[in-house]
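# Survey of secondary and tertiary structure
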Amino acid sequence: MYCLFRVLEKFYVGDLTSNELPVYLEAGEFPRTLKKRVKERFKQLGLNGKDARWTVMRYFWLSLGVVFFWYLQTFAYSNCLVGCLAASFGLSLFNAIAAFNMGHDASHFAVTKKPWVWWLVGLWHDFANGMSQLVWNHQHTIGHHPYTNVDHADPDIITAADVG
């Protein structure tokens, strides 16, 4: 048992100081006016912020790149170290771009008003990157965005006070 605690000591980051989260003041007149004006301008120009057809094309090419480099790494260059390394670099690059674009957009419901599309993009993100869209939604969208860069509240940041 002593050995287990010695291992766990390496991962100790500190004690929870409080489980109270910050409370923000109600939004003033400026953000409400800005949001209203942007909405009116989009309507005036006939634009829909969630109707980005070019985004679907971007998702298509990113997905094709992931599949292409996976194929190269797994089948075409499986016996060639240099080819396999080059293909793994391409696969890593396309997976990272797909995660930061497709996964992030799906978690913010930013592409369309259709929930099944968010789910489908998130599912592809889960498959291609080995991540959980559900966990990402809770940690990033629900945890990070309401408390962006707020010490002890934003789960995406670790400060010196947290470490030491």
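Each remark here, short or long, concerns the structure printed above.
Below: a short report on this structure. (Residues numbered from 1 in each chain as written. Predicted model: local features only at pLDDT ≥ 70, side-chain atom pairs only at ≥ 80, totals over all residues. Heavy atoms only, no water.)

## Observations concerning the packing of helix α4 (residues 81–107) against helix α6 (residues 133–144)
Between α4 and α6, whose axes approach to 10 Å, the crossing angle comes to 70 degrees. Here α6 runs roughly perpendicular to α4, going by the angle between their axes. When α4 is examined against α6, the residues Gly 103, His 104, Ala 106 and Ser 107 are found in contact with a partner set consisting of Gln 133, Trp 136, Asn 137, His 140 and Thr 141. Classifying every residue of the contact of α4 with α6 gives 2 nonpolar, 7 polar and no charged. (Axes fitted to C-alpha atoms, helices over the stretch in contact; angles between N-to-C directions. Helix = DSSP H or I, 4+ residues; strand = E, 2+ residues; numbered from the N terminus. Parallel < 35°, antiparallel > 145°, perpendicular 65-115°, else oblique. Contact = heavy atoms within 4.5 Å. Nonpolar A, V, L, I, M, F, W, Y, C, P; charged D, E, K, R; others polar.)

## Structural notes on helix α2 (residues 29–45)
Across its 17 residues, α2 extends 24 Å between first and last C-alpha, which sits within 8% of the 24 Å expected from 1.5 Å per residue. Among the residues trailing α2, Gly 46 stands out with phi positive, at a value near 70 degrees. (Expected span 1.5 Å × (residues − 1).)

## Regarding the nonpolar core
Among the nonpolar cores identified, the biggest contains 8 residues, and these are Tyr 59, Leu 62, Ala 98, Met 102, Ala 106, Val 111, Val 117 and Val 121. Among the secondary structure elements, those contributing two or more residues to this core are α3 (53–76), α4 and α5 (115–129). No other element matches the 3 residues that α4 contributes to this core. In this structure Met 102 touches Tyr 59, Leu 62, Ser 63, Ile 97, Val 121 and Trp 124, once residues within four positions along its chain are discounted. Grouped together as the second largest cluster of nonpolar side chains are 6 residues, Phe 69, Leu 72, Leu 91 and Ala 128 included. (Core = buried A, V, L, I, M, F, W, Y, C linked by side-chain atoms within 4.5 Å. Buried < 20%, exposed > 50% of the residue type's maximum accessible area, 1.4 Å probe, protein only.)

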